[in-house]
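So you can see what is in the structure, the chains are spelled out below.
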Amino acid sequence: MKVIVAPDSYKGALRAPEVAAAFAAGWQSVYPQDEIVSLPLSDGGEGMMNALCSALDGKIITLPAHDALNRPISAHAAVAGDIAVVESAEANGIELLDRSELDPLAATTYGVGELIKQLLDRGIRKFLIGIGGSATVDGGAGMLQALGAQLMDDYGNILPAGAGGGALRNVAKVQLTTLDPRLTECDIKVACDVTNPLCGITGAAQVFGPQKGATPEMVTSLDENLRRFAALADDDGTQPGDGAAGGLGFALRKFLHASMASGAKLVMEYSGFEAALTDAELVVTGEGCSDEQTACGKLCAGVAQAAHERNVPVILFSGALRGDTAKLTELFDGCFSIASGPGDLSEAIAATAENLRRAGVNCAKLMHLKDKYVC
């Protein structure tokens, strides 16, 4: 039997490769002769780099950069042949900061640009960039500065490197002639499942600003700054997806001519998921917590849709099932929580690997019942 194990990460517990390994270990402990194809996936946020590095047989490299507050850090990227996989949160991630440090007026995407520039130095011209988990609302201005663009005020003065969301109010011109010329040779794909525009009530500042430390007054100021920044590029700030990562999506699309794509579909494409479906008899997927939103375009739903198009059944194993599961039972051929009993969240997280191993054992036994009892 050929089984594809293609989970997302169980956020806060295990990354996708660890999830796949635990489930596969359980399965093969009882049916070692079965072919288990582990394809850990991601929706373009956390885990994208590792998932694609594994799928593309690449390697993780360490690069110097600066975090969202312009402090030196060591960041990572995946390189596979002529392709680089970048998680922008390696540089501008909110998880790199303490809650007390969050400051969207100062936070910058400069470090993201540093990563891209160093990868250009290594000869990379194809980029897959995931832009989730940011601490920034700077419209990607800092990234542009790191790549050579100059931001000028009304008097022609060049703004210091590392401009944050608050500095956008002083930008009167974006000088692109100094942008790294190698960018014109690049094919940049951005993994983004956020549909929010740059500006307005559903924009980067209004929706995501508060979770990045913005007060109501800051939200208003940041939204005005982003609108001003967009106008400098003859843009009205309404393009869906441009609000991702505090406007980093806008800068990548507008200034670097990147193409935006569903993170889940992009990862599935480059991981070889479609090809792996050939002769598969079952697909197993899962995530930390599943609810009716899972069925509305999240990674596991994409896995189910692609597998069903090839008439391959899909079972969902998640850390928890919440709320009305009607949409889940319509989408998946089976959906289960791996939880082994009542307990608090910390206990469930600690038991994740063992619970996944047990789920693998039980799923394998169920799938082979016909072999055991049919005469």
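Analysis parameters
Residues numbered from 1 in each chain as written. Predicted model: local features only at pLDDT ≥ 70, side-chain atom pairs only at ≥ 80, totals over all residues. Heavy atoms only, no water. Pairing = 2+ DSSP bridges. Helix = DSSP H or I, 4+ residues; strand = E, 2+ residues; numbered from the N terminus. Buried < 20%, exposed > 50% of the residue type's maximum accessible area, 1.4 Å probe, protein only. Lys, Arg positive; Asp, Glu negative; His and termini not counted. Salt bridge = Lys/Arg side-chain N within 4 Å of Asp/Glu carboxyl O. Contact = heavy atoms within 4.5 Å. Axes fitted to C-alpha atoms, helices over the stretch in contact; angles between N-to-C directions. 1 Å grid on protein atoms, 1.4 Å probe; cavity = no way out; pocket = protein on both sides within 12 Å on 5 of 7 lines; lining within 4 Å. Points joined across faces, edges and corners; volume = space filled by probe spheres on them. Phe/Tyr/Trp six-rings, centres within 6.5 Å; stacked < 30°, edge-to-face > 60°. Nonpolar A, V, L, I, M, F, W, Y, C, P; charged D, E, K, R; others polar.

1. As for the pairing of strand 3 (residues 59-66)
The side chains of a regular strand alternate between the sheet's two faces.
Next up, step 1: Examined bridge by bridge, strand 3 and strand 4 (residues 72-80) share eight bridges and lie antiparallel to one another. Each residue of the ladder has a partner; that of I61, found in strand 4, is A77.
Next up, step 2: Taken together, strand 3 and the strand that follows it, strand 4, pair antiparallel across an intervening segment of five residues, in which N70 is found at a positive phi of about 65 degrees.

2. Points about the side chain of E114
Next up, step 1: Tracing the chain through its elements places E114 in helix 4 (residues 110-121).
Next up, step 2: K117 provides the closest opposite charge to the buried, salt-bridge-free E114, at an N-O distance of 9.4 Å.
Next up, step 3: Residue contacts for E114: discarding those within four places in its chain leaves A65, H66 and A146.

3. Considerations on the sheet that holds strand 1 (residues 2-5)
Next up, step 1: Pairing is parallel across the open sheet formed by five strands, whose spatial order is 2-1-11-12-13. Edge positions in the sheet fall to strand 2 (35-38) and strand 13 (334-337), since each has one partner strand and no second. Going from strand to strand, the sheet's axes swing by 20 degrees on average, the running direction of each strand aside.
Next up, step 2: As paired strands, strand 1 and strand 2 are joined by four bridges and run parallel to one another. The partner of I4 across the bridge, within strand 2, is V37.

4. Thoughts on unusual backbone geometry
Next up, step 1: If you check the backbone angles, A245 has positive phi at about 55 degrees while not being a glycine.
Next up, step 2: Inspection of the secondary structure puts A245 in the loop between helix 7 (216-232) and helix 8 (248-254).

5. Re the side chain of E90
Next up, step 1: Residue placement: E90 occurs in helix 3 (residues 89-92).
Next up, step 2: At 6.1 Å, R15 is the nearest oppositely charged side chain to E90, a buried residue that forms no salt bridge.
Next up, step 3: Among residues more than four places away in sequence, those in contact with E90 are M49, I73, A75, H76, L96 and L115.

6. Side note on the pattern of salt bridges
Next up, step 1: Counted according to the given criterion, the structure contains 15 salt bridges.
Next up, step 2: For the salt bridge of K126 with D82, the shortest nitrogen-to-oxygen distance reads 3.5 Å. Taken together, the residues span a long stretch of sequence, with K126 in strand 6 (residues 126-130) and D82 in the loop between strand 4 and strand 5 (83-87) at a distance of 44 residues.
Next up, step 3: Take K126: its relative accessible area is 39%, and that puts it in the partly exposed class.
Next up, step 4: D82 gets classed as partly exposed once you look at its relative accessible area, which sits at 42%.
Next up, step 5: Note that D187 and K189 form a salt bridge whose closest N and O atoms lie 3.1 Å from each other.
Next up, step 6: The class for D187 is partly exposed, based on a relative accessible area of 36%.
Next up, step 7: Each member of the salt-bridge network shares a partner with another, and the members are D235, D242, R253 and K254.

7. What about empty space enclosed by the protein?
Next up, step 1: One pass over the structure, following the stated rule, counts one cavity of 30 Å³ or more.
Next up, step 2: Its volume calculated, the largest cavity comes out at about 50 Å³.
Next up, step 3: Taken together, V5, P7, Y10, V19, F23, V284, T285, G286, F317 and L356 make up the full set of residues lining the largest cavity.
Next up, step 4: At the level of secondary structure, the elements contributing two or more residues to the lining of the largest cavity comprise helix 1 (16-30) and strand 11 (282-285).

8. Some words on the packing of aromatic side chains
Next up, step 1: For the coordinates displayed, the defined rule picks out six aromatic pairs.
Next up, step 2: Ring geometry for F23 and W27: centres 6.4 Å apart, planes at 40 degrees, overall tilted. Placement of the pair is F23 and W27 together in helix 1, with a separation of four residues, close to one helical turn. Considered together, F23 and W27 belong to a single accessibility category, that of buried residues.
Next up, step 3: Taking the centre distance of 6.0 Å and the plane angle of 45 degrees together, the rings of F229 and F255 count as tilted. Of this pair, F229 sits in helix 7 while F255 sits in the loop between helix 8 and strand 10 (259-261), and the two are 26 residues apart along the sequence.
Next up, step 4: Through pairs of rings, three or more aromatic residues link up here, namely F23, W27, F317 and F336.

9. Description of the sheet that holds strand 4
Paired through their backbone hydrogen bonds, the strands of a sheet run either parallel or antiparallel.
Next up, step 1: In space, the six strands of this open sheet follow the order 3-4-5-6-9-10, with mixed pairing throughout. The two strands at the open ends of the sheet, each matched to only one other strand, are strand 3 and strand 10. Within this sheet the neighbouring strands show an average axis-to-axis angle of 30 degrees, counted without direction.
Next up, step 2: Packing against the sheet, helix 2 (residues 48-55) makes contact with strand 3, strand 4, strand 5, strand 6 and strand 9 (187-191), and its axis sits at approximately 160 degrees to strand 5.

10. Observations regarding the layout of surface pockets
Next up, step 1: Considering only enclosed or pocket space, the second largest pocket measures out at about 290 Å³ in volume.
Next up, step 2: As for the second largest pocket, its lining consists of 16 residues, of which K265, M268, G302, Q305 and A306 are closest to the centre.
Next up, step 3: Only helix 9 (263-271), helix 10 (273-276) and helix 11 (299-309) provide two or more residues apiece to the lining of the second largest pocket.
Next up, step 4: Counting residues per element, the lining of the second largest pocket draws most heavily on helix 11, which supplies five residues.
Next up, step 5: For the lining of the second largest pocket, the residue count by class is six nonpolar, four polar and six charged.

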